[in-house]
Amino acid sequence: MDRYSEVTNKNQREIVLLKAFPCKWGKCSFCDYILDNSKEEEEINKLNFEVLENITGKYKVLEVINSGSCFEMPKATLLRIKEIIKEKKIERLFLESHWIYKKKIQEMRDFFEIPITFKIGVETFDNEFRNGYLNKNANFETVEELKEYFDSPCIMVGIKGQTKEMIDRDMEIVQKYFDHATINVFINNTSEVKRDQGLVDWFENKYKFLIDNPKIEILFNNTDFGVGN
């Protein structure tokens with residue numbers, strides 16, 4: 001498992017994949033990342049402290065991810081991240097959270113005392129597909145409601161059951177309303193949700209121009225940021 005890397009093509013930053021307690025929601029139909037969680041706080045902190053030692057501050061930007069929400073990392077890990085931010089003179093932080101923590105987002109911004117780009121796994125702006133089939137439990141109704149709390153949506157493409165019209169609408173929204181977004185091309189995993197290769201091929205052809213858009217990062221594989229396995 002690679003847990004430290006550098007993103008060097010767009011939005012240059014260091015990135016770390018840390019361990020955390022089990023995802024509070026943990027019921028998304030497509031997700032098996034929660035297998036990286038643990039209930040052993042001492043073990044979690046030990047590993048996280050080792051990973052965090054890799055951070056140099058060379059880009060002044062750090063992204064911290066875990067297999068869930070940032071709110072599920074132990075307090076000791078969060079405090080160590082804050083110390084490193086000060087030690088390495090980090091100026092911006094990327095974090096990710098589930099919608100269920102929306103009322104705590106400001107607390108985390110206040111805790112770290114630097115600008116945070118907060119990501120959220122939206123997957124799609126089609127409410128029925130997001131909450132029905134994907135079981136995201138992200139029950140916002142409008143883009144404006146989402147933007148009250150979060151800065152950067154993560155969108156998933158290439159799932160069986162998705163339509164081209166859904167993806168077209170999602171791409172229009174992220175380009176029009178957000179300064180940063182991540183597009184994840186779905187990769188088959190241990191879940192029952194499956195990849196639609198024809199849809200992936202169509203997306204890669206129609207939206208290849210987004211590769212040059214500085215606001216949008218496309219992950220064709222889960223490990224394109226250099227972390228994970």
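What comes next is a walk through the structure. Everything quoted here is computed from the prediction, not taken from an experiment.

Points about the overall build of the protein
Next, step 1: A count of helical and extended segments in the protein gives seven helices and eight strands.
Next, step 2: On C-alpha atoms alone, the protein measures out to a radius of gyration of 17 Å, which is about the 17 Å that the 2.2 N^0.38 rule sets for 229 residues.
Next, step 3: Across the protein, contacts joining residues at least 24 apart in sequence account for 75% of those joining residues at least 6 apart.
Next, step 4: About 11,000 Å² of surface is accessible on the protein, with carbon and sulfur atoms providing 48% of the total.
Next, step 5: The positive charge centre, built from 34 side chains, and the negative charge centre, built from 40, are 2 Å apart in the protein.

With respect to the pairing of strand 5 (residues 116–123)
Next, step 1: Burial analysis of strand 5 places eight of its eight residues in the buried class, the great majority of the element.
Next, step 2: Where burial is concerned, the two faces of strand 5 agree: the one with Ile 116, Phe 118, Ile 120 and Val 122 and the one with Thr 117, Lys 119, Gly 121 and Glu 123 are both buried.
Next, step 3: Bridge analysis of strand 4 (residues 92–96) against strand 5 gives four bridges, and the strand direction is parallel. Paired with Leu 95 across the bridge in strand 5 is Phe 118.
Next, step 4: Following the chain from strand 4 across helix 3 (residues 105–112) to the adjacent parallel strand 5, one finds a crossover that is right-handed.
Next, step 5: Sheet topology note: the strand 5/strand 6 (residues 152–157) ladder contains four bridges and is parallel. In the sheet register, Gly 121 faces strand 6, and the bridge partner there is Cys 154.

Regarding the nonpolar core
Next, step 1: Of all hydrophobic cores here, the largest spans 54 residues; its most connected members are Phe 112 and Phe 125.
Next, step 2: Among residues more than four places away in sequence, those in contact with Phe 112 are Leu 78, Ile 81, Lys 82, Ile 85, Leu 93 and Leu 95.
Next, step 3: Core analysis: the next-biggest nonpolar cluster, separate from the first, contains eleven residues, Trp 25, Phe 30, Met 166 and Val 193 among them.

Things to note about the pattern of salt bridges
Next, step 1: Applying the stated rule across the entire model yields 14 salt bridges.
Next, step 2: A salt bridge links Lys 46 to Glu 50; its shortest N-O distance comes to 3.0 Å. You can see Lys 46 and its partner Glu 50 sitting in helix 1 (residues 41–52), four residues apart, about one turn around the helix.
Next, step 3: Residue classification places Lys 46 among the exposed positions, given a relative accessible area of 55%.
Next, step 4: According to the relative accessible area criterion, Glu 50 is partly exposed, its value standing at 45%.
Next, step 5: Two residues, Arg 80 and Glu 87, come together in a salt bridge whose shortest N-O distance is 3.2 Å.
Next, step 6: Put simply, Arg 13, Glu 63, Lys 119 and Glu 217 are held in one network by salt bridges that share partners.

Basis of the calculations
- Residues numbered from 1 in each chain as written.
- Predicted model: local features only at pLDDT ≥ 70, side-chain atom pairs only at ≥ 80, totals over all residues.
- Heavy atoms only, no water.
- Helix = DSSP H or I, 4+ residues; strand = E, 2+ residues; numbered from the N terminus.
- Rg over C-alpha atoms; globule rule 2.2 N^0.38 Å.
- Contact = heavy atoms within 4.5 Å.
- Areas by Shrake-Rupley, 256 points an atom, 1.4 Å probe, with all protein chains shown as cover.
- Lys, Arg positive; Asp, Glu negative; His and termini not counted.
- Charge placed at Lys NZ, Arg CZ, Asp CG, Glu CD.
- Buried < 20%, exposed > 50% of the residue type's maximum accessible area, 1.4 Å probe, protein only.
- Pairing = 2+ DSSP bridges.
- Right-handed = clockwise from strand over helix to strand, strands pointing away.
- Core = buried A, V, L, I, M, F, W, Y, C linked by side-chain atoms within 4.5 Å.
- Salt bridge = Lys/Arg side-chain N within 4 Å of Asp/Glu carboxyl O.

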